[in-house]
Amino acid sequence: MHEPQQDVSTDEVLQRARTLWDPEVTALEHLAVGFGGWHWRADAQGEPRWFVTLDPPLWHTVESAEATYAAAASLAATLTCVHASVPSAQGRFTSTLGPGWLSLTPWVTGRRPTTIDADAVRAVRDLHAAPAPEGILTWEPAVRPELVDELGAWTAEPWTAGPLGEPARRAVRAGLADVGRGLTAYLRLLDRLDPSAYVPTHGEPGVHNQWRADDGRLLLLDWETLRLAPRERDVLAGYADLLPHDPALLDLVRLEWQLGEVGSYAEWLRGPHQDDADTRTALGGLREELAGLAATR
């Protein structure tokens, strides 16, 4: 997230990181990167050592988050592209703190790629070919058949709990027909799913979750979305011409993302909120996904 966490202080994060992971950590710096969790750089002996993440309870329970990060660490034992979190002194990959759970990943100097290259394609292929690690969660379609009805009811009255509520409500109200068409197509495509063909998937392996280390390694970051799922779940990020896939399932995964984002952003912005970098990003994301649904009429 771009804004600092309001319910947990930097000192609390520092003390937890020192107590459970690394007593040599001396300083934290908030990083305004990513969207969905809070991040810090943890320094030890004057050098960056850890990438610290506090995940909110949006997509996981404490138990499922722990299982997912443990499964990613299991994959990292055989796949060099998997940059996973490390266990604490208690042997767990997460520690509950404030509204979410903390995890630490080794800091790696490098840069974010700007385009998909052969190494990224190879990394996704290797991931899909790997045996499913113990404890991996199985992806399940998450868009509710009642989504359009819910959005229609929500937008029938003004959203006055926050400064961006009304712009968000108007955008959703204007896009209800497109959401409805997308939802109808999505529900029809669910019949094509075959759980026996599911493979380990990252979920969001685009360039925003890739890292080119200074030593040349291509790393996949942010394994919170690791699931056993249709391989098309990873093709969405831009690999459509480079990996085998079923175009119909690619449509399903695209619609899952677009409809889910519209529902999540609408629920956020109709409630109490401030006008800040995060909520402006949310409003932009809402408009972007609605435009994407409109483009597929």
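Residues numbered from 1 in each chain as written. Predicted model: local features only at pLDDT ≥ 70, side-chain atom pairs only at ≥ 80, totals over all residues. Heavy atoms only, no water.

Enquirer: Describe the overall build of the protein, and please don't skip the residues or the numbers.
Expert: For the protein, the helix and strand inventory stands at nine helices and 10 strands. Against the 2.2 N^0.38 benchmark of 19 Å for 297 residues, the protein shows a C-alpha radius of gyration of 20 Å, consistent with a compact globule. Dimensions of the protein, computed from the C-alpha atoms along their principal axes, are close to 55 × 45 × 35 Å. Look at the contacts in the protein between residues 6 or more apart in sequence, and 70% of them connect residues 24 or more apart. (Helix = DSSP H or I, 4+ residues; strand = E, 2+ residues; numbered from the N terminus. Rg over C-alpha atoms; globule rule 2.2 N^0.38 Å. Contact = heavy atoms within 4.5 Å.)

Enquirer: Outline the pairing of strand 2 (residues 38-44), supporting the account with residue identities and numerical values.
Expert: With six of seven residues buried, strand 2 lies mostly within the body of the structure. Summarising the sheet, strand 1 (residues 25-31) and strand 2 pair through six bridges and their orientation is antiparallel. Across the sheet, leucine 28 pairs through a bridge with alanine 42, a residue of strand 2. Where strand 2 and strand 3 (residues 47-55) come together, seven bridges link them in antiparallel fashion. Bridge pairing in strand 3 places aspartate 43 opposite proline 48. Between strand 2 and strand 3, which pair antiparallel in sequence order, lie two residues; one of them, glutamine 45, sits at a positive phi of approximately 55°. (Buried < 20%, exposed > 50% of the residue type's maximum accessible area, 1.4 Å probe, protein only. Pairing = 2+ DSSP bridges.)

Enquirer: I'd like a rundown of the side chain of aspartate 55, residues and numbers included.
Expert: Structurally, aspartate 55 can be placed in strand 3. Despite its burial, aspartate 55 remains without a salt bridge, the nearest opposite charge being carried by arginine 227 at 10 Å. Of the polar contacts made by the side chain of aspartate 55, one reaches the side chain of tyrosine 69; its length is 2.5 Å. If near-sequence neighbours (up to four positions away) are discounted, aspartate 55 is found in contact with Tyr69, Gly100 and Trp101. (Lys, Arg positive; Asp, Glu negative; His and termini not counted. Salt bridge = Lys/Arg side-chain N within 4 Å of Asp/Glu carboxyl O. Polar contact = N/O pair within 3.5 Å; in protein donor to acceptor, adjacent residues only side chain to side chain.)

Enquirer: Mind laying out the packing of helix 4 (residues 147-154) against helix 6 (residues 176-189), listing which residues take part and the relevant values?
Expert: Geometry of a packed helix pair, given as the angle between the helix axes and the separation of the axes. Between helix 4 and helix 6, whose axes approach to 9 Å, the crossing angle comes to 165°. Comparing their axes, helix 6 and helix 4 come out roughly antiparallel. Helix-helix and strand crossings are classified by hand; for helix 4 and helix 6 the assignment is right-handed. On helix 6, the residues touching Leu147, Val148, Leu151 and Gly152 of helix 4 are Leu176, Val179, Gly180 and Leu183. Its residues placed into classes, the contact of helix 4 with helix 6 shows six nonpolar, two polar and no charged. (Axes fitted to C-alpha atoms, helices over the stretch in contact; angles between N-to-C directions. Parallel < 35°, antiparallel > 145°, perpendicular 65-115°, else oblique. Left-handed = near helix turned anticlockwise from the far one by under 90°. Nonpolar A, V, L, I, M, F, W, Y, C, P; charged D, E, K, R; others polar.)

Enquirer: Can you break down the sheet that holds strand 3 residue by residue, with the values?
Expert: An order of 1-2-3-5-4 is seen for the five strands of this open sheet, with the pairing classed as antiparallel. In this open sheet, the two strands that pair with only one neighbour each are strand 1 and strand 4 (95-97). Strand-to-strand twist in this sheet, taken as the mean axis angle between neighbours without regard to direction, amounts to 35°. Where strand 3 lies against strand 5 (residues 100-106), six bridges are found, and the strand directions are antiparallel. Residue pairing in the sheet places leucine 54 in a bridge with leucine 102 of strand 5. Running at roughly 135° to strand 1, helix 1 (residues 10-20) makes contact with strand 1, strand 2, strand 3, strand 4 and strand 5 of the sheet.

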